[in-house]
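Each chain, letter by letter, is given below.
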Amino acid sequence: MTPHEVVERASGAGPLPPSLLVRGLSKSFGPTRALADVDLRVDAGTVHALLGENGSGKSTLIKTLSGYHHPDPGGSVEVGGQPLQAGVASSAYDLGCRFVHQDLGLVDTCSVADNVALTAGFPTRCGAVRRKALRRRTEEALQRLGLALDPDTLVGGLAAAERTGVAVARALADADRTSVRLLVLDEPTATLPDTEVKQLLAVVRAVAASGVGVLYVTHHLDEVFEVADDVSVLRDGRKVVTTKARALTRRELVEHLVGGELEEVSAASGSLPTAHAAPVLRVQDLSAGPLVTANFTVRPGEVVGVAGLTGSGRETLLPAIFGAIPRSSGRVQIDDVILAPGRPDRAIAAGLTLLPADRVRLGGVMSMSARENLTLPALRALWRAPRLRRRLEVAQARTWFERLDVRPRGAVDAPLGSFSGGNQQKVLFGKWLRCAPRVLLLDEPTQGVDIGAKAEIHRQILSAVETGAAAVVSSSDYDELVALCRRVMVLRDGRFVAELSNGALTVAEVAREALGSEDRAA
Amino acid sequence: MSASPTTRPRPGLGFDRFSGLYLWALIIIVFGIWVPDLFLTMGTLHSVAAQQAIAAIVALAVLVPLAAGAYDLSVGATVNLATIIVTVLQADKGWSMWPAIGVTVVACFVIGAVNGFVVVVLRVNSFIATLGAASIIAALQSIVSGQRQPLPPTSRAWSDLTQREVLGFQIVVLYMLVVAIILWLVLSQTPVGRYIYAVGGNAEAARLSGVRTGTWTWFSLTTSATLCGIAGVLYASLSGPSLTFGGALLLPAFAAVFLGSTQLHPGRFNVWGTLIALYVLATGIKGLQLVTGVQWLADLFNGVAVITAVAFAVWRQRKARSRRDAAASQRSKGTGSAEMDVGGVTPASGQQPAAVR
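So, here is what we can say about the structure in this document.

Calculation notes
- Residues numbered from 1 in each chain as written.
- Chains lettered and ligands numbered in written order.
- Predicted model: local features only at pLDDT ≥ 70, side-chain atom pairs only at ≥ 80, totals over all residues.
- Heavy atoms only, no water.
- Helix = DSSP H or I, 4+ residues; strand = E, 2+ residues; numbered from the N terminus.
- Buried < 20%, exposed > 50% of the residue type's maximum accessible area, 1.4 Å probe, protein only.
- Contact = heavy atoms within 4.5 Å.
- Areas by Shrake-Rupley, 256 points an atom, 1.4 Å probe, with all protein chains shown as cover.
- Pairing = 2+ DSSP bridges.
- Axes fitted to C-alpha atoms, helices over the stretch in contact; angles between N-to-C directions.
- Patch = residues over 30% accessible without salt bridge, like charges linked within 9 Å, V, L, I, M, F, W, Y side chains within 5 Å.
- Salt bridge = Lys/Arg side-chain N within 4 Å of Asp/Glu carboxyl O.
- Lys, Arg positive; Asp, Glu negative; His and termini not counted.
- Charge placed at Lys NZ, Arg CZ, Asp CG, Glu CD.
- Polar contact = N/O pair within 3.5 Å; in protein donor to acceptor, adjacent residues only side chain to side chain.
- Expected span 1.5 Å × (residues − 1).
- Phe/Tyr/Trp six-rings, centres within 6.5 Å; stacked < 30°, edge-to-face > 60°.
- Lys NZ or Arg CZ within 6 Å of the ring centre and 35° of its normal.
- Arc of directions from axis to C-beta.
- Core = buried A, V, L, I, M, F, W, Y, C linked by side-chain atoms within 4.5 Å.
- Left-handed = near helix turned anticlockwise from the far one by under 90°.
- Nonpolar A, V, L, I, M, F, W, Y, C, P; charged D, E, K, R; others polar.

The next point concerns the overall build of chain B. Broken down by element type, chain B carries 14 helices and 2 strands. Going through the 357 residues of chain B one by one, you find that 50% of them count as buried. Residue pairs at least 24 apart in sequence account for 73% of intrachain contacts in chain B once pairs closer than 6 positions are excluded. For chain B, the exposed surface amounts to about 16,100 Å²; the carbon and sulfur share of it is 67%.

Here's what the structure looks like:
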């Protein structure tokens, strides 16, 4: 489509132009296409749910709308009939786009009124804040969303759904609030308890009723049927369907999300021997945060997968086993050693290692060199008083770079932060392999990693397991779990609801169990 | 394929890493031409070296906790207390020198241990904890001294401790070098140093790598206070007890450490960088004082230096981060970390570093 046609169509639209009109939007990162030719239309006063698995291009789409990413030439984005200037952050705001991200960006130590006024501006007289006017204005903004909150309450003391409501109120509060055309909610319910979701959905409906178009990004299918007018599904950067929510069954939605053609059998892991040895890792009655209870054992030579949606307890399982976060109860045992809670150093000594999901914040010390990161957990082997054996250390680092194919190959002394994500992850993976662990806990081991690095990390996991270690892989990438694991345990609402293996272990089945689709395939 | 230059930013002439040394040479040349008969003398060399030796030990005391990510603002007060304790024990209580020194250093060790306890166990921010500790230590000093300047001990051994010369330099310069070499060994050549830098670099990542972060934070604060004890003893022997000397050292020490973190191993607080920075500053101040004769130059210089050094370090980090973001956007997916989660238009999205584009 030529730009001319786009303009013609837009000007030919009715009196109420759609809140958002995306046509032929693509975004490539180097050779990979994160978004391919996506069309999307959000009408004013409707809720449009956007679904997609991790890596389907949802966040790229939102970041393109917000002006963070510069899209490939050819596509167009219009907000309320006005063209969006690609890659300009202020353009989206000026046209009336408002974003509420999963991290709400509220100041906990300030009151509700102050938080709202941070965007809308404080009403003042002679430079002093007019407290009563501020209070009244905030109350009005909250009431429009059906929220009965005291504007003077501190945000830190609110329930999760109320906080999200305040963030929405703030996004909509404006000196001239008729200018808001589109509200983008990025997984607002991911961390909400079930009881509070309803409250938030009421807020979303209230927003739409005021004539604003809502783009609602979520993982939870129930919400789609409860709140959305239209549904679009993204898969592998392409939009696979847009339809009325009423016209859709839950089962159809799951199939759209997962894709029929992805039913592959487990590949490499099929040949792995399941040892008859005693379990190397025993987890009993473990509970921590959203994780209600977990019981399982892992034998040497096994790769066990853990699947589950955000908020299902999947994110807390591995850190709680390792001792990275406190656990409220339960017992973790490596061979004969019972691990003390909250003591990663003892866990490592017992042969347990954790590759955290958040590489930058928890995974590595970015200011230290790759070599120093590699050797950090097991420095004693390099220590011969009074000095560390630098030459041996460099040689070991080079060997690991070679073995894991870290690039650039010679840069063992460059700061870890200067490597690309995939290579950082390889270094951190090597750091744990170097400890010759009994059990590898791998949390999202290939998140944000390119395809080459992903394959390499998978190879290394399997080869580590072949030599008698065990691995537990927690991942939101079901393809990865099915390819790597002989059995996958699925968490939903803090409990294991299924254990899939052999023929039952398919991407679609894992997704169905994780989503909690009732009418599941036989 | 060889190492790509984009991932290893190393300028060819090392102006970045060795800028302090170049600057030092420049200062010496300028003042050498300007006031050759005053500046280019062995006397100037010896006096700058000796005057700054104790300041250097205090700077090293500040360096260790900073490497572990903790501030120690109580160094000045601890030095003062040490000068008083070691003097009172000898002059008023009649102790002999070595027991007095031993007790002084142990007392300072205890101060460090308490600082460490407050920071590690009570989880008080180190900045606040040591600021409070400095005030408490000042009160202790008043109690010990009875609020009067004690008379210096008269024993020969006491003055011989520091008032001797080795190769024309006062022996304190040698003591300082010994302390520096030991610290350098510990920080850059042993696992202890690695752990300390790891805690300073990313405490949570270090903890998840099995590093006992609390232990090493405690250790760094204790080392700092113990070094202050040694500095105090040396100062008392060299110049007599002082109620105020330590306080004046705090800012120059921080200036040297921060400026030093831009040298030799940029981005890392390091021993030799700190000493270079300290002596570059001291040489410049000395030269200007010889030319102008005014005393306030040192205050001005040190204040400007600490702000410049930190501004420079922040600028470097920002540059490194924007390079990392550029590398990140080459990848197909986001990292999934909060850092990549770019805010749209909400004001608080400014808290996310990537939004500051």
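Of note, Gly116 of chain B is situated in helix H5 (residues 97-120). Here the alpha-carbon distance between Gly116 of chain B and Val179 of chain B, two residues 63 residues apart in the chain, equals 21 Å.

Before going further, it helps to examine the sheet that holds strand E2 (residues 32-42) of chain A. All names here are of chain A. One open sheet holds the 4 strands; their spatial order is E2-E1-E4-E5, and the pairing between them is antiparallel. Each edge of the open sheet is held by one strand with a lone partner, namely E2 and strand E5 (82-83). Where strand E1 (residues 20-29) lies against E2, 7 bridges are found, and the strand directions are antiparallel. Bridge pairing links Lys27 to Leu35 in E2.

All names here are of chain A. Positionally, His69 belongs in the loop between helix H2 (58-65) and strand E4 (76-79). You can call His69 buried: its relative accessible area is 10%. Apart from residues no more than four positions distant in its own chain, His69 is found in contact with Lys27, Phe29, Thr60, Lys63, Thr64 and Gly87.

Further remarks concern the sheet that holds strand E12 (residues 238-244) of chain A. Residue and element names in this part refer to chain A. Ordered by their spatial adjacency, 6 strands build an open sheet running E6-E9-E10-E3-E11-E12, and the pairing between neighbours is mixed. Each end of this open sheet is capped by a strand with a single partner; those strands are strand E6 (97-100) and E12. Geometrically, the sheet is characterised by an average inter-axis angle of 20° between neighbouring strands, direction not taken into account. Contacts between helix H9 (residues 250-258) and the sheet are confined to strand E3 (47-51), strand E11 (230-235) and E12, with E11 contributing the most and set at about 30° to the helix.

On the surface, Arg125, Arg130, Arg136 and Arg137 of chain A cluster together into a positively charged patch. The class of Arg130 of chain A is partly exposed, set by a relative accessible area of 33%.

Further remarks concern the pattern of salt bridges. Residue and element names in this part refer to chain A. The final tally for this structure, using the stated rule, is 29 salt bridges over all chains. Residues Asp335 and Arg438 are paired through a salt bridge, measuring 2.9 Å at the closest nitrogen-oxygen approach. Note that Asp335 is positioned in the loop between strand E16 (329-334) and strand E17 (337-338) and Arg438 in the loop between helix H15 (421-433) and strand E21 (439-443), a separation of 103 residues in sequence. A relative accessible area of 27% places Asp335 in the partly exposed class.

Let us look at the side chain of Asp443 of chain A. All names here are of chain A. Along the chain, the position of Asp443 falls in strand E21. Here Asp443 sits buried without a salt bridge, and the closest side chain of opposite charge, Arg314, lies 4.4 Å off (N-O distance). A polar atom in the side chain of Asp443 sits 3.4 Å from the side chain of Ser474. Ignoring anything within four residues of it in the chain, the contact list for Asp443 reads Arg314, Glu315, Leu318, Pro319, Leu355, Pro356, Ala357 and Ser474.

To continue, consider the environment of Ala277 of chain A. Residues and elements named next belong to chain A. By the element assignment, Ala277 lies in the loop between H9 and strand E13 (281-288). The exposure class of Ala277 is partly exposed, given its relative accessible area of 34%. Considered as a pair, Ala277 and Arg299 are 22 residues apart in the sequence and their alpha carbons are 6.6 Å apart. Those residues in contact with Ala277 that lie beyond four places of it in its chain are Arg299 and Pro300.

Attention now moves to helix H13 (residues 271-292) of chain B. All names here are of chain B. Between its terminal C-alpha atoms H13 stretches 32 Å, which fits the 32 Å expected from 22 residues at 1.5 Å a residue. Along H13, 17 of the 22 residues are buried, which leaves the element largely enclosed by surrounding structure. If you check the start of H13, you find a side-chain oxygen 2.7 Å away from the backbone N of Gly273, and it comes from Asn270. Of the residues trailing H13, Gly293 is marked for its positive phi of about 80°.

With that out of the way, let us pick up the packing of aromatic side chains. All names here are of chain B. For the structure shown, the criterion picks out 14 aromatic pairs over all chains. Connected via pairs of aromatic rings, a cluster forms that spans Tyr71, Phe127, Phe254, Phe258 and Phe269. Over the aromatic face of Tyr197 sits the side chain of Arg268, whose NZ or CZ is 4.5 Å from the ring centroid.

With that settled, consider a nonpolar patch on the surface. Residue and element names in this part refer to chain B. Taken together, the side chains of Val106, Phe109, Val110, Val114, Phe117, Val121, Leu122, Trp218 and Phe219 make up a nonpolar region of the molecular surface, amounting to roughly 790 Å² of accessible area. Within the residue set of the nonpolar patch, elements represented by two or more residues are H5 and helix H11 (213-239). With 5 residues, the top contributor of residues to the nonpolar patch is H5. If you trace the backbone, Val106 turns up in helix H5.

It is worth spelling out unusual backbone geometry at this point. Residues and elements named next belong to chain A. Omega for the peptide link from Ala385 to Pro386 comes to 5°, which places this bond in the cis form. In the Ramachandran plot, Cys126 falls in the positive-phi region, its phi being about 50° despite a non-glycine side chain. Tracing the chain through its elements places Cys126 in the loop between strand E7 (124-125) and strand E8 (128-129). We note that Ala436 has phi near 45°; this positive angle belongs to a residue other than glycine. The topology assignment puts Ala436 in the loop between H15 and E21.

The next point concerns H9 of chain A. Residues and elements named next belong to chain A. Three or more residues of H9 are buried, namely Arg250, Leu253, Val254, Leu257 and Val258. Each buried residue of H9 sits inside an arc of 120° when the element is viewed along its axis, so together they form one side. Next to the buried residues of H9 lie E3, helix H8 (221-227), E11 and helix H18 (507-515).

Let us look at the nonpolar core. In terms of nonpolar packing, the biggest core is built from 95 residues, with Leu281, Leu317, Ile321 and Leu441 of chain A touching the most fellow members. Ranked by residue count, the leading element in this core is H18 of chain A, at 6 residues. The contacts of Ile321 of chain A, once residues within four sequence positions are left out, are Leu281, Val283, Leu286, Phe296, Arg327, Val332, Leu339, Leu352 and Leu441 of chain A. Grouped together as the second largest cluster of nonpolar side chains are 66 residues, Val58, Leu63, Ala67 and Ala206 of chain B included.

All names here are of chain A. Where helix H14 (residues 390-404) contacts H15, the two axes come as close as 10 Å, and the packing angle between them is 115°. As for the relative orientation of H14 and H15, their crossing is right-handed in sense. Of the residues in H15, those in contact with Trp400, Phe401, Arg403 and Leu404 of H14 are Lys426, Val427, Phe429, Gly430 and Leu433. In the contact of H14 with H15, the residues fall into 6 nonpolar, 1 polar and 2 charged.

All names here are of chain A. Pairing of E13 with strand E14 (residues 291-298) involves 5 bridges; the strand directions are antiparallel. Bridge pairing links Val283 to Phe296 in E14. The hairpin formed by E13 and E14 contains 2 residues between the paired strands, and Gly289 there has a positive phi angle of roughly 55°. Inspection of the sheet shows E13 paired to E16 by 5 bridges, in the antiparallel sense. Residue pairing across strands places Ser287 opposite Ser329, the latter belonging to E16.

Moving on: the pairing of strand E9 (residues 182-186) of chain A. All names here are of chain A. For E9, a buried count of 5 out of 5 residues is recorded, marking the element as mostly surrounded by other parts of the structure. Residues of E9 alternate between two faces, with Leu182, Val184 and Asp186 on one and Leu183 and Leu185 on the opposite face, all of them buried. Pairing of E6 with E9 involves 4 bridges; the strand directions are parallel. Paired with Cys97 across the two strands is Leu182, which belongs to E9. Of the pairings in the sheet, the one linking E9 to strand E10 (residues 213-217) comprises 5 bridges and is parallel in character. Among the inter-strand pairings, Val184 is bridged to a residue of E10, identified as Leu215.

Just geometry here; none of it tells us what the structure is for.
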